[in-house]
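Spelled out, the chains give:
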Amino acid sequence: MTTALHTSSLTSLPLLARGKVRDNYAVGHDRILMVASDRISAFDVIMGEPIPGKGELLTQMAMFWFGRLAHLCPNHLTGELPESVVTSAEAQQVLGRSMLVRRLKPIPVEAVVRGYLAGSGWQEYQQSQSVCGVALPAGLRNASKLPQPIYTPAAKAAAGEHDENITFERTVEIAGADVAAQIRDLSLALYQEAAKIALAKGLIIADTKFEFGLDDQGRVVLMDEVLTPDSSRYWPVEGYDDALREGRNPPSYDKQFLRDWLEQVRLHGKPWDKTPPAPRLPQDVVEKTAAKYREALERLTA
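This section reports on the structure supplied with the text. (Residues numbered from 1 in each chain as written. Predicted model: local features only at pLDDT ≥ 70, side-chain atom pairs only at ≥ 80, totals over all residues. Heavy atoms only, no water.)

## Quick look at helix H5 (residues 177-200)
Part 1 of the reasoning: Compared with the 34 Å implied by 1.5 Å per residue over 24 residues, the 35 Å span of H5 between its first and last C-alpha is a close match.
Part 2 of the reasoning: Three or more residues of H5 are buried, namely Val-179, Ala-180, Ile-183, Leu-186, Ser-187, Leu-188, Leu-190, Tyr-191, Ala-194, Ala-195, Ile-197 and Ala-198. (Helix = DSSP H or I, 4+ residues; strand = E, 2+ residues; numbered from the N terminus. Expected span 1.5 Å × (residues − 1). Buried < 20%, exposed > 50% of the residue type's maximum accessible area, 1.4 Å probe, protein only.)

This is the structure:
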């Protein structure tokens, strides 16, 4: 097992930003080296313990999807080897867990597509029979498949803040009518194609979020990560029907296992208040989370 990487420390390139999972470095003016660490966050708090192998799994999964969806939308990959832009001493930190990508102007909209009713969408539906302002038919249950996928964008929040659901009209104000319509239509097309590919492998993609940027010519380009368990809710088809019938959450290949553990953990007799510092993760929680990520990639690429 390779050593887990909680935080990369490249000195040969200027650090642009550290996200919840990725460390981004500038390569000249036109490229970015994105290093996927083994950090994991839940409830917008980064855990102290890394999940070994997670960064590599996320990168392999994103690369799989960029390849399968390239005919629908250009993406930010340059095709160059990430280790070619760091010193040989630093290559170990980037091998297998990095993408060398074009530097784009990010569109500050999280392009969320939901094909099933889950999570906050299910909570909202129970109150208003709609999700993010999209009216839905009566009689749906937790984990129900929607009549057709819906686009429910969110505004990207500052670090530590929660993304906020917004209307399509608001995305027009943010990005302009043409770009707003493009990212909506592309997101729905990408989701539908990916959902079909995943279903053939016995996986349901309940929902996902895409991120886009503009290149120098003003073209919309798919960027960041794509269809990983960090940005998507994956359910195995087996177990789905039972869960739907019983009204519970289907088993999932994402952070749900970790979230469930955090919900029931007690610190000094009280539930964790979901602010830093996070509780220490026991070894079995770390291992089970790593196994979930691994299994999702293995099923998808089998």
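## Overview of the nonpolar core
Part 1 of the reasoning: Formed by 66 residues in total, the largest nonpolar core has its most connected members in Met-47, Trp-65, Phe-210, Phe-212, Leu-227 and Tyr-234.
Part 2 of the reasoning: Counting 11 residues, the second-largest nonpolar core is a separate cluster that includes Leu-13, Val-27, Leu-33 and Val-35. (Core = buried A, V, L, I, M, F, W, Y, C linked by side-chain atoms within 4.5 Å.)

## Quick word on the packing of helix H1 (residues 54-69) against H5
Part 1 of the reasoning: For the pair H1 and H5, the least separation of the axes is 11 Å and the interaxial angle reads 110 degrees. Here H1 lies roughly perpendicular to H5, going by the angle between them. Between H1 and H5 the crossing geometry is right-handed. Two secondary-structure elements touch here, H1 through Phe-64, Trp-65, Arg-68 and Leu-69 and H5 through Leu-190, Glu-193, Ala-194, Ile-197 and Ala-198.
Part 2 of the reasoning: Class assignment of the residues belonging to the contact of H1 with H5 gives a composition of 7 nonpolar, no polar and 2 charged. (Axes fitted to C-alpha atoms, helices over the stretch in contact; angles between N-to-C directions. Parallel < 35°, antiparallel > 145°, perpendicular 65-115°, else oblique. Left-handed = near helix turned anticlockwise from the far one by under 90°. Contact = heavy atoms within 4.5 Å. Nonpolar A, V, L, I, M, F, W, Y, C, P; charged D, E, K, R; others polar.)

## Side note on the side chain of Asn-142
Part 1 of the reasoning: For Asn-142, the location among the structural elements is in the loop between strand E10 (134-135) and strand E11 (145-151).
Part 2 of the reasoning: For Asn-142, the side chain forms a polar contact with the side chain of Asn-249, separated by 3.1 Å.
Part 3 of the reasoning: Once residues within four sequence positions are removed from consideration, Asn-142 is found in contact with Leu-117, Ala-118, Trp-122, Leu-244, Gly-247, Arg-248 and Asn-249. (Polar contact = N/O pair within 3.5 Å; in protein donor to acceptor, adjacent residues only side chain to side chain.)

## As for the sheet that holds strand E6 (residues 98-102)
One key point about sheets: their strands pair by backbone hydrogen bonds, in either a parallel or an antiparallel sense.
Part 1 of the reasoning: Across the sheet, which stays open at both edges, the 4 strands sit in the order E1-E2-E3-E6 with antiparallel pairing between neighbours. Of all strands in the sheet, those with a lone pairing partner are strand E1 (15-18) and E6, marking the two edges. Averaged over neighbouring strand pairs, the angle between their axes works out to 20 degrees when direction is ignored.
Part 2 of the reasoning: Both strand E3 (residues 31-36) and E6 contribute to a ladder of 5 bridges, which runs antiparallel. When the sheet's bridge partners are listed, Leu-33 is paired in E6 with Leu-100.
Part 3 of the reasoning: H1 contacts strand E2 (22-27), E3 and E6 of the sheet and is inclined by roughly 45 degrees relative to E6. (Pairing = 2+ DSSP bridges.)

## Overview of the pattern of salt bridges
Part 1 of the reasoning: Overall, the coordinates contain 21 salt bridges when judged by the stated rule.
Part 2 of the reasoning: The partner of Arg-22 in a salt bridge is Glu-225, and the shortest N-O contact between them spans 3.1 Å. Placement of Arg-22 in strand E2 and of Glu-225 in the loop between strand E15 (220-223) and strand E16 (232-236) is noted, with a sequence separation of 203 residues between them.
Part 3 of the reasoning: On the accessibility criterion, Arg-22 (9% relative accessible area) is buried.
Part 4 of the reasoning: Between Asp-230 and Lys-54 there is a salt bridge, and its shortest N-O distance comes to 2.9 Å. Residue Asp-230 is located in the loop between E15 and E16, and its partner Lys-54 is located in helix H1; the two are separated by 176 residues in the primary sequence. Accessibility assignment for this pair places Asp-230 and Lys-54 in one class, buried.
Part 5 of the reasoning: Through salt bridges that share partners, Arg-18, Asp-23 and Arg-39 make up one connected network. (Salt bridge = Lys/Arg side-chain N within 4 Å of Asp/Glu carboxyl O.)

Keep in mind that these numbers describe shape and distance, not what the molecule does.
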